[in-house]
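Examining the three-dimensional arrangement
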Amino acid sequence: MPLVALYFAFGLIFFGIDMVGIPLLILPEFEAALGDLLIEEPRLDAALLFYLLYPAGMLGFVLAPAFRSGRGPVAVAAPAAGFGLVAYGTYELTNLATLAPWTWRLTAIDMAWGAALSAVSAALALALVGAVFARR
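Residues numbered from 1 in each chain as written. Predicted model: local features only at pLDDT ≥ 70, side-chain atom pairs only at ≥ 80, totals over all residues. Heavy atoms only, no water.

Spanning 26 residues, helix 3 (residues 73-98) covers 37 Å between terminal C-alpha atoms, matching the ideal 38 Å at 1.5 Å per step. Along its length, helix 3 reaches its greatest deviation from straightness, about 35°, at Gly89. All of the buried residues along helix 3 are Val76, Ala80, Phe83, Gly84, Tyr88, Gly89, Glu92, Asn95 and Leu96. (Helix = DSSP H or I, 4+ residues; strand = E, 2+ residues; numbered from the N terminus. Expected span 1.5 Å × (residues − 1). Bend = angle between axes of the 7 residues up to and from the residue. Buried < 20%, exposed > 50% of the residue type's maximum accessible area, 1.4 Å probe, protein only.)

Written out as structure tokens, the structure is:
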């Protein structure tokens, strides 16, 4: 049960923070660099798949091992940031290598966002779930 709770806690925290950060930090940069290449409305099916898949990866590679070994929120931040950096980097660096208008600036901003968002979301999720399940 704690692993299911970790999946949902991370997913909801990650999604919530991302919904604030995208319009404030990420979208203006993408609009400035990519302009008309961006679609007017996001493809919600693809977004939904991302927001279901990413927490599963974070759970499997970072959160579950941390929870099982008794590591706390501070200790999970660095591996979560690393996971975010690699995941977001895969997307960003592939685009930088293959798409003419893609810039190093976009790449750096989004990779930093992915690392920070992942670290904060994982630490908060582990703290929340750890507190709930420690009481039992």
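Looking at the secondary structure, you find Ala9 in helix 1 (residues 2-34). For the pair Ala9 and Ala122, spaced 113 residues apart in sequence, the C-alpha to C-alpha distance is 8.7 Å. When neighbours within four sequence positions are excluded, Ala9 is seen to be in contact with Ala125, Leu128 and Val129. (Contact = heavy atoms within 4.5 Å.)

This next bit is on the packing of helix 3 against helix 4 (residues 104-134). One way to put it is that helix 3 packs onto helix 4 with a least axis distance of 7 Å and a crossing angle of 150°. The angle between helix 3 and helix 4 falls in the class roughly antiparallel. Like other packed secondary-structure pairs, helix 3 and helix 4 cross with a definite hand, here right-handed. Split by residue class, the contact of helix 3 with helix 4 holds 21 nonpolar, five polar and two charged. (Axes fitted to C-alpha atoms, helices over the stretch in contact; angles between N-to-C directions. Parallel < 35°, antiparallel > 145°, perpendicular 65-115°, else oblique. Left-handed = near helix turned anticlockwise from the far one by under 90°. Nonpolar A, V, L, I, M, F, W, Y, C, P; charged D, E, K, R; others polar.)

Take the environment of Tyr54 next. Mapped onto the elements, Tyr54 comes out in helix 2 (residues 44-69). Overall, Tyr54 belongs to the buried group, its relative accessible area being 6%. Separated by 29 residues in sequence, Tyr54 and Phe83 have C-alpha atoms that sit 10.0 Å apart. The contact partners of Tyr54, leaving out residues within four places of it in the chain, are Phe10, Phe14, Phe83, Gly84, Ala87, Tyr88, Gly114 and Ser118. Only 2.5 Å separates the side chain of Tyr54 from the side chain of Ser118, close enough to count as a polar contact. (Polar contact = N/O pair within 3.5 Å; in protein donor to acceptor, adjacent residues only side chain to side chain.)

It is worth spelling out a nonpolar patch on the surface at this point. Taken together, Met1, Val4, Phe8 and Leu12 make up a surface patch of nonpolar side chains, about 480 Å² in accessible area. As for its position among the elements, Val4 is in helix 1. Classification of Val4 by relative accessible area gives partly exposed; the value is 45%. (Patch = residues over 30% accessible without salt bridge, like charges linked within 9 Å, V, L, I, M, F, W, Y side chains within 5 Å. Areas by Shrake-Rupley, 256 points an atom, 1.4 Å probe, with all protein chains shown as cover. Salt bridge = Lys/Arg side-chain N within 4 Å of Asp/Glu carboxyl O.)

What is shown is where atoms sit, not what they do.
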